[in-house]
Amino acid sequence: MPHHLMPMLSQIDLQHGTIKDAAEVIVRRLSDMQGHYQDQNAVRDLLQEDPILYRVYLTTPPDHEYQWRTAMSVIEPGKVGAEYYMTKGHFHKDQQAPEVYLTLLGKGQIVMQTHDGQTETQPMLPGAVNYIPGGWAHRTINTGDSPLAFFAVWPADAGHDYAGVADRGFPLLVLEENGQPVVVPNPHYEGS
Ligand code: M6P
Ligand code: ZN
C-alpha cells in the first residue's frame, strides 16, 4: 500500500499576516543577526531592548515529509540606523531550488544576488508575486511603517545556506534617506 500524507489546511489571518495554528514559529531578534547591519553603534544601542525584527509562521513541522514548505513571514517596521528591518537572507543549499513569495500586507523590497555577483531588486506590495529562481540568495526588507507580510513556498529539501550571506553580506543595501527608501551599493560587500 502506498503511504499517503494527509491533506493539510492552514488559515492565514489576513489582517496581521499571522498563522495561529502554525506548526513552528521562528522568532528573530536583533541579537540573532547583529552582524548583518552596517551601523554597529545603532546595533549596540538597540540591543538593550533587543527588538523582535520578524517572525516566520511555518505550516509544516521541521521533520515533515511534505514536498513543499510554506510559511508566512511578518517583518516589523523599524530601522537599525538608516537600514530598515530585514530578514537574514539565504541561498538554498540546493542551487536548483526556487521559491515564490506572495505579498499580502505592507510595503518592501526583495534583494537578490547570485554567487557570481548578479543582483536584482523587486518591489513587494500586496498582490506582488516574486519568483526567485534557483541560485539566487534572497533577503526581504520592510520599507514601510506597518508590518510587511508575505507568503512563501519552496521545495522542502531546498535547505538554507546562511553562511554565504553572513560572510559576504549583500552587494546592495536598502536605506532610508530623507524619509525615502533608496537602494545603494554595500561598501562592505566582500566581493567589492
Ligand atoms: C521566507 C522563506 C523562509 C525563510 C523566511 C525568513 O518565509 O524564505 O524559508 O526562513 O522567509 O528568511 P531568513 O530565513 O533568511 O531569515
Ligand atoms: Zn529561500
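Residues numbered from 1 in each chain as written. Chains lettered and ligands numbered in written order. Predicted model: local features only at pLDDT ≥ 70, side-chain atom pairs only at ≥ 80, totals over all residues. Heavy atoms only, no water.

### Digging into the pattern of salt bridges
Part 1 of the argument: The full count for this structure, using the stated rule, is 3 salt bridges.
Part 2 of the argument: Close ionic contact of Arg-55 with Glu-76 constitutes a salt bridge, the shortest N to O distance being 3.7 Å. One end of the pair, Arg-55, is in strand E4 (residues 52–58); the other, Glu-76, is in the loop between strand E5 (68–75) and strand E6 (79–80), and 21 residues separate them in sequence.
Part 3 of the argument: Take Arg-55: its relative accessible area is 26%, and that puts it in the partly exposed class.
Part 4 of the argument: Put simply, Glu-176 and Lys-79 hold a salt bridge, and the shortest N to O gap is 2.7 Å. With Glu-176 in strand E16 (residues 172–177) and Lys-79 in strand E6, this residue pair connects regions lying 97 residues apart in the sequence.
Part 5 of the argument: According to the relative accessible area criterion, Lys-79 is partly exposed, its value standing at 32%. (Salt bridge = Lys/Arg side-chain N within 4 Å of Asp/Glu carboxyl O. Helix = DSSP H or I, 4+ residues; strand = E, 2+ residues; numbered from the N terminus. Buried < 20%, exposed > 50% of the residue type's maximum accessible area, 1.4 Å probe, protein only.)

### Examining the site of ligand 1
Part 1 of the argument: In the vicinity of ligand 1 lie 15 residues, with Tyr-54, Ser-73, Glu-99, His-160 and Tyr-162 positioned nearest.
Part 2 of the argument: Here His-90 contributes a side-chain N or O atom positioned 2.8 Å from an oxygen atom of ligand 1.
Part 3 of the argument: Protein burial of ligand 1: of its 370 Å² of free accessible surface, 98% is covered by the chains.
Part 4 of the argument: Elements supplying a minimum of two residues to the shell around ligand 1: E4, strand E9 (99–105) and strand E14 (148–155).
Part 5 of the argument: Residue contributions to the shell around ligand 1 peak at 3 residues, all from E14.
Part 6 of the argument: Taken together, the residues of the shell around ligand 1 sort by class into 7 nonpolar, 5 polar and 3 charged. (Near = heavy atom within 4 Å. Polar contact = N/O pair within 3.5 Å; in protein donor to acceptor, adjacent residues only side chain to side chain. Areas by Shrake-Rupley, 256 points an atom, 1.4 Å probe, with all protein chains shown as cover. Nonpolar A, V, L, I, M, F, W, Y, C, P; charged D, E, K, R; others polar.)

### Considering the sheet that holds E5
Two strands in a sheet stick together by hydrogen bonds in their backbones, pointing the same way (parallel) or opposite ways (antiparallel).
Part 1 of the argument: One open sheet holds the 6 strands; their spatial order is E3-E4-E5-E14-E9-E12, and the pairing between them is antiparallel. Both outer strands of the open sheet, strand E3 (24–29) and strand E12 (129–132), are each paired with one neighbouring strand and no more. For this sheet, the mean inter-axis angle between neighbouring strands, taken without regard to orientation, is 20 degrees.
Part 2 of the argument: Relative to E12, E9 runs antiparallel, the two sharing 4 bridges. Among the inter-strand pairings, Tyr-101 is bridged to a residue of E12, identified as Asn-130. (Pairing = 2+ DSSP bridges. Axes fitted to C-alpha atoms, helices over the stretch in contact; angles between N-to-C directions.)

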